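Understanding the architecture of this molecule
Chain by chain, the residues run as shown.
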Amino acid sequence: MLTEVHVPEDVPAAVSLVAAGATIIGGGTSVMPSLNDYGSPPTELVSLRRAGLAGVNIDGTTVTIGATTTLSQIEHEPRLEILNPVVRSIASVPVRNLATVGGNLFVPQPHGDLAVALVALNARAFVLGGLDDPAAALDGPASASNGPAGLLGGDGARTEVSVEELTGARTAGLVAAVVFELPAPGSFKYLKAARRRYNSASLVTVAATITESGGVVTGARVALGGVSNRVVRARAVEEALIGRPLDAATVQAAARAGLAELSPADDAYASAWYRRRVFPVHLRRALLGH
Amino acid sequence: MTLLRGRGYASVNYPTGMNLGGDPSQALIHATTMGGFVVSLSSVDLGQGLKTVVAQCAAETLGMPMENVIIDTADTDTGPHCMGTFASRGTHRVGNAVIMAAREAREVMLDVAAEELEVDAGDLETDGTGYVRLKGSPETKIHISEVALAAHFKQGKSISGRGIYLKERNYPVPETGEMDPDSCQAHACTVAEVEVDDETGVVTVLSLHNTYEIGRALNPGMVAQQIEGGAWMGVSHAIFESTEPYYPASRDHGPVDFSEYLMPGPAEIPVQTSVILERPASNGPFGAKGIGEMTANAPIPAIANAIFDACGVRLTTMPFTPESVLRGIDARRDDALSA
Amino acid sequence: MRIVNLKVNGVGQAFLARPETTLLLALREQLGLTGAKRGCAQGACGSCTVLLDGEPVVSCLVPAATVDGADIATVEGLADGEKLSDVQQAFLDGFATQCGFCTPGMIMSAEALLDRNPNPTRDEVNEAISGNVCRCTGYEPIVSAILDAAERRREGAKL
């Protein structure tokens with residue numbers, strides 16, 4: 001049951017509340033369903049709604065997204081067209097108007113498709129309060145007054161960690177923002193196989209940044225969702241792609257190599273058997289478009 | 001990847017009402033001082049529109065506008081008995097009871113009007129807009145509000161009526177097993193068209209064409225909605241929902257709460273047509289049969305047959321998940337290869 | 001326990017909120033606005049959909065304390081006296097409701113869609129209401145009513 005809902009007005013207040021053990025609530029789409037049954041132990045929430053962590057900043061090709069930016073805000077941000085199909089594949093409009101980028105990094109699989117895309121985009125996260133040291137305080141002049149860009153100024157004690165590392169761990173700190181470089185046009189690929197056209201968790205999510213030159217793949221970052229208890233960085237798939245032409249035969253071999261990296265579970269959407277069975281199909285559709 | 005198309009159909013007979021230990025519903029009608037007619041029932045409208053259909057039956061029988069009819073579904077502790085709204089019995093049982101009550105109330109209403117107009121009750125008719133008038137001389141008329149006021153404050157008469165419809169309990173003939181357990185049967189047929197993705201087993205229901213024979217469509221708009229809304233439920237059971245007896249507990253990988261319970265959304269709905277046929281039932285209200293429950297039934301086997309037509313996979317357990325379709329396709333491919 | 005201030009359908013309101021008071025419960029129990037429904041309490045059925053600062057949200061997931069000062073629109077605020085909104089009238093004329101439980105949420109999602117996109121495609125309508133579950137109608141009359149409402153709004157804007 002809820003014993004208190006704190007609504008701090010700035011980042012330092014939010015960080016100390018988190019350090020004191022309060023449960024973070026971004027949009028509430030992950031936290032509130034279980035609290036609404038009134039069966040949870042006494043819980044204090046710290047809402048980030050007013051902490052000043054929302055906003056998108058693009059400097060050249062460097063994108064910084066504040067952690068409490070909602071999925072809808074990304075959907076309607078014309079400079080982030082690349083993420084538009086990703087956020088629209090997640091949940092429904094009234095949920096996306098609440099759900100936050102930061103929240104999507106920690107929601108359990110088979111949810112968390114934005115996190116999958118961010119891993120494929122080699123995104124980093126800025127964590128305040130430290131990953132391993134919950135007592136680490138925020139020093140220096142970093143403040144929320146300039147939105148997420150302001151968080152990157154000053155000497156505030158923050159940890160920078162790859163989103164890939166973050167999604168597999170529990171953090172004791174507060175994610176303040178994610179940062180990534182916009183990929184070359186046409187190099188980012190995304191497909192989410194689901195049970196319904198809109199508003200369904202993932203069966204298999206494929207996000208990839210692929211660069212080609214001279215008719216062969218020169219760079220590949222492939223991330224998978226729905227096929228394990230965390231986002232999978234599909235290294236075996238990447239190795240099987242590099243140096244080869246991006247065609248059906250290559251992708252088929254890459255899928256075969258990738259199967260060993262999957263550890264899917266049975267859930268309400270599909271069984272482990274099914275996810276393994278259709279993974280090669282969806283990898284091909286994501287990378288080749290058919 | 002190939003998208004395989006298939007078509008299948010199924011038909012259904014569906015009984016109206018049940019045998020039980022006898023299956024009754026009662027209705028009571030009385031006029032207010034201003035000419036409204038309150039229909040008192042214990043029957044529950046759970047959103048299926050019973051109140052509307054019953055008001056139509058009352059208004060039609062009384063000869064009064066719908067606006068004058070007030071349906072009061074009261075309190076089951078105090079109201080006139082109804083077995084309940086299930087077994088597609090509502091329209092049939094409650095409709096019949098309301099018609100019977102309305103007939104009695106109409107008789108009293110015409111008697112009161114006859115005395116006010118100083119004519120014979122047998123020479124009176126209603127015009128459907130709220131007036132009782134003399135047949136052949138429509139200028140000689142009186143409004144129902146005046147009739148009701150006269151009944152209450154001059155004549156001391158209660159414009160009211162009582163109705164009951166009982167389907168008597170029926171026992172099977174021991175020698176032959178024949179019996180009469182329901183009042184009438186409605187019929188339906190659905191043709192389904194589907195598309196099967198042979199790489200993922202995903203089934204898309206493209207269209208459903210429905211024909212229903214339901215005695216009399218008392219409210220055609222509501223009938224069409226029941227057909228098409230029910231067909232959506234059929235698609236949902238067929239392709240998405242897990243309606244097993246032990247749901248939701250003790251399942252290895254079923255949905256454990258609402259947010260995981262899959263149902264088709266607006267992007268999954270098939271194109272639908274529905275045709276209504278009427279072959280009036282002799283014991284139905286204005287000939288109507290029940291249509292409440294049957295509308296999810298025919299679409300499901302129609303879809304199963306369409307899947308079989310599309311890819312040769314015969315499924316007999318719902319839901320027809322992509323996995324069950326894909327396993328079926330795999331088995332057929334393996335059989336073909338080893339043959 | 002704290003006092004929360006909201007502007008609801010244009011009128012300033014203040015009420016006492018416990019920590020577990022969601023926006024939905026505040027609207028229904030404190031303010032008597034029962035159009036928004038308690039369905040699943042998980043944000044999955046959409047029957048609690050209201051507009052928060054103009055955007056549709058599932059109000060069962062919003063602790064009231066976190067939205068102090070916000071602008072809320074519910075179905076009760078749409079009509080102008082006896083005159084229904086274009087969306088409400090289109091739902092009525094198009095027979096787009098049976099039991100009515102999903103209807104307020106559907107209407108609010110539709111109003112927000114048309115505020116943002118006056119000429120939606122059928123698929124855009126599907127996406128806009130994909131968070132609102134209906135068990136009765138099979139969605140077709142609702143989608144048609146929303147497309148009809150869009151046309152009414154466009155006609156109205158021309159006059």
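These numbers were taken from a predicted model, which means no experiment stands behind them.

When its secondary structure is counted, chain A shows twelve helices and twelve strands. A separation of at least 24 residues holds for 64% of the contacts in chain A among residues at least 6 apart in sequence. Roughly 11,200 Å² of accessible area belongs to chain A as shown, and the carbon and sulfur atoms make up 50% of that amount.

Turning our eyes to something else, we now look at the overall build of chain B. When helices and strands are tallied, chain B shows six helices and eleven strands. At 26 Å, chain B has a C-alpha radius of gyration far larger than the 20 Å of a compact globule built from 339 residues. Oriented by its inertia axes, the alpha-carbon framework of chain B measures out at about 95 × 45 × 45 Å. Taken over 339 residues, chain B has a buried fraction of 52%. Across chain B, the fraction of contacts at a sequence separation of at least 24, relative to all contacts at a separation of at least 6, is 73%. Just so you have it, chain B exposes about 15,500 Å², and 51% of that area is on carbon and sulfur atoms.

Residues Ile65, Leu114 and Phe180 of chain A together with Leu6 and Ile72 of chain C are the most contacted members of the largest nonpolar core, which totals 71 residues. By residue number, the principal contributor to this core is helix H7 (residues 113–120) of chain A, which donates seven residues. For Phe180 of chain A, the contacting residues outside a window of four places in its chain are Thr61, Thr62, Val63, Ile65, Leu80, Leu83, Leu118, Leu121 and Ala123 of chain A. Core analysis: the next-biggest nonpolar cluster, separate from the first, contains 58 residues, Leu262 of chain A together with Val203, Val205 and Leu262 of chain B among them.

On to the interface of chain C and chain B. Of the residues lining the interface, 20 residues belong to chain C; the matching set on chain B comes to 21 residues. For the pair chain C and chain B, the summed buried area comes to about 1,600 Å², and 61% of that belongs to carbon and sulfur atoms. In terms of surface lost to chain B, no three residues of chain C exceed Phe95, Arg135 and Tyr139 of chain C, which account for 37% of the buried area on that side. At the junction of chain C with chain B, the criterion picks out one salt bridge. Here Glu241 of chain B makes a salt bridge to Arg135 of chain C, at a shortest N to O gap of 2.7 Å. Inspection of the chain C/chain B interface yields four residue pairs in polar contact (both at pLDDT 80 or more). At three residues, the largest contribution of residues to the side of chain C that touches chain B is made by helix H5 (residues 140–158) of chain C.

What follows concerns the packing of aromatic side chains. One pass over the full model with this rule turns up one aromatic pair over all chains. Residues Trp232 of chain B and Tyr139 of chain C carry aromatic rings whose centres are separated by 5.7 Å and whose planes lie at 75 degrees to one another, so their mutual orientation is edge-to-face. With Trp232 of chain B in helix H4 (residues 220–240) and Tyr139 of chain C in the loop between helix H4 (122–128) and H5, the pair connects residues from two separate chains. Grouping residues by exposure puts Trp232 of chain B and Tyr139 of chain C together as buried. In this structure, Arg89 of chain B is placed above the aromatic ring of Phe86 of chain B, and the distance from its NZ or CZ to the ring centre is 5.9 Å. We note Lys141 of chain B situated over the ring of Tyr131 of chain B; from NZ or CZ to the ring centre the distance is 4.4 Å.

Residues and elements named next belong to chain A. Spanning 17 residues, helix H12 (residues 272–288) covers 24 Å between terminal C-alpha atoms, matching the ideal 24 Å at 1.5 Å per step. Maximum bend of H12: about 40 degrees, positioned at Phe279, with proline Pro280 one to four residues after it. Turning to H12, its buried residues are Ala272, Tyr274, Arg275, Val278, Phe279, Val281, His282, Leu283, Arg284, Arg285, Ala286 and Leu287. Residue Gly289 follows H12 closely and has a positive phi angle near 80 degrees.

All right, on to the pairing of strand E2 (residues 11–17) of chain C then. Strand direction decides the pairing type here: strand E1 (residues 2–8) of chain C and E2 of chain C, joined by seven bridges, are antiparallel. The residue of E2 of chain C that forms the bridge with Lys7 of chain C is Gly12 of chain C.

Turning our eyes to something else, we now look at the interface of chain A and chain C. In this assembly, 30 residues from chain A lie in contact with 29 residues from chain C. Summed over both partners, the interface of chain A with chain C comes to about 2,400 Å²; 57% of that surface belongs to carbon and sulfur atoms. Contact with chain C buries surface across chain A, with Val5, Pro94 and Tyr198 of chain A losing the most and accounting together for 21% of the total. Linking chain A with chain C are four salt bridges. Salt-bridge contacts for Arg197 of chain A lead to Asp123 of chain C; the nearest nitrogen and oxygen are separated by 2.8 Å.

This next bit is on the sheet that holds strand E8 (residues 174–181) of chain A. Residues and elements named next belong to chain A. Overall, antiparallel pairing links the five strands, which are arranged E4-E5-E8-E6-E7 in an open sheet. Only two strands of the sheet have a single partner each, and these edge strands are strand E4 (56–59) and strand E7 (158–162). The mean inter-strand angle of the sheet, taken between neighbouring strand axes irrespective of direction, is 20 degrees. Summarising the sheet, strand E6 (residues 124–128) and E7 pair through five bridges and their orientation is antiparallel.

Taken as a whole, this structure holds 39 salt bridges over all chains when the rule is applied. Each of the salt bridges in this network shares a partner with another, and the network as a whole consists of Glu164, Arg221, Arg233, Arg235 and Glu238 of chain A.

Moving on to the sheet that holds strand E2 (residues 23–31) of chain B. Residues and elements named next belong to chain B. Ordered in space as E4-E3-E2-E8, the four strands form an open sheet in which the pairing is mixed. At either margin of the open sheet sits one strand with a lone partner, and together these are strand E4 (69–72) and strand E8 (160–167). Put simply, the sheet's adjacent strands are angled 20 degrees from each other on average, direction ignored. Looking at chain direction, strand E3 (residues 37–40) and E4 are connected through four bridges and run parallel. Opposite Phe37, over in E4, you have Val69 as the bridge partner. Lying on the sheet, helix H1 (residues 50–62) is in contact with E3 and E4; it crosses E4 at an angle near 135 degrees.

For the rest of this paragraph, the subject is the packing of H1 of chain B against helix H2 (residues 90–117) of chain B. Residue and element names in this part refer to chain B. Orientation of H1 relative to H2, taken along the N-to-C sense of each, is 30 degrees, at an axis distance of 8 Å. When the axes of H1 and H2 are compared, the pair comes out roughly parallel. The hand of the H1/H2 crossing is right-handed. Across the interface between the two elements, Leu50, Val53, Val54, Cys57, Ala58, Thr61 and Leu62 from H1 touch Gly90, Thr91, Val94, Gly95, Val98, Ile99, Ala102, Arg103, Ala105, Arg106 and Met109 from H2. The residue makeup of the contact of H1 with H2, split by class, is twelve nonpolar, four polar and two charged.

Residues and elements named next belong to chain A. One can read the domain layout of chain A as domain 1 (52–181) and domain 2 (188–288). The junction of domain 1 with domain 2 conceals about 1,900 Å² of combined surface from both sides, 59% of it contributed by carbon and sulfur atoms. Our count for the domain 1 to domain 2 interface comes out at four salt bridges. Put simply, Arg235 and Glu164 hold a salt bridge, and the shortest N to O gap is 3.3 Å. Taken together, the links from domain 1 to domain 2 amount to 13 residue pairs in polar contact (both at pLDDT 80 or more). Those elements that provide at least two residues to the side of domain 1 that touches domain 2 are helix H4 (84–88) and H7. Here the side of domain 1 that touches domain 2 takes six residues from H7, the largest share from any one element. Looking at the side of domain 1 that touches domain 2 residue by residue, the class counts come to twelve nonpolar, seven polar and two charged.

Confidence along chain B averages 94 in pLDDT terms, with 96% of residues attaining 70 or more. Predicted as a complex, the structure gets a pTM of 0.93 and an ipTM equal to 0.97.

Residues and elements named next belong to chain A. Note on placement: Ser263 falls in the loop between helix H11 (248–258) and H12. Put simply, Ser263 and Ser228 are 35 residues apart on the chain and 4.8 Å apart in space, counted from C-alpha to C-alpha. Ignoring anything within four residues of it in the chain, the contact list for Ser263 reads Val227 and Ser228.

Conventions used here
- Residues numbered from 1 in each chain as written.
- Chains lettered and ligands numbered in written order.
- Predicted model: local features only at pLDDT ≥ 70, side-chain atom pairs only at ≥ 80, totals over all residues.
- Heavy atoms only, no water.
- Helix = DSSP H or I, 4+ residues; strand = E, 2+ residues; numbered from the N terminus.
- Contact = heavy atoms within 4.5 Å.
- Areas by Shrake-Rupley, 256 points an atom, 1.4 Å probe, with all protein chains shown as cover.
- Rg over C-alpha atoms; globule rule 2.2 N^0.38 Å.
- Buried < 20%, exposed > 50% of the residue type's maximum accessible area, 1.4 Å probe, protein only.
- Core = buried A, V, L, I, M, F, W, Y, C linked by side-chain atoms within 4.5 Å.
- Buried area = accessible area lost by both parts, 1.4 Å probe.
- Salt bridge = Lys/Arg side-chain N within 4 Å of Asp/Glu carboxyl O.
- Polar contact = N/O pair within 3.5 Å; in protein donor to acceptor, adjacent residues only side chain to side chain.
- Phe/Tyr/Trp six-rings, centres within 6.5 Å; stacked < 30°, edge-to-face > 60°.
- Lys NZ or Arg CZ within 6 Å of the ring centre and 35° of its normal.
- Expected span 1.5 Å × (residues − 1).
- Bend = angle between axes of the 7 residues up to and from the residue.
- Pairing = 2+ DSSP bridges.
- Axes fitted to C-alpha atoms, helices over the stretch in contact; angles between N-to-C directions.
- Parallel < 35°, antiparallel > 145°, perpendicular 65-115°, else oblique.
- Left-handed = near helix turned anticlockwise from the far one by under 90°.
- Nonpolar A, V, L, I, M, F, W, Y, C, P; charged D, E, K, R; others polar.
- Domains from an automatic or database assignment.
- pLDDT = per-residue confidence, 0-100.

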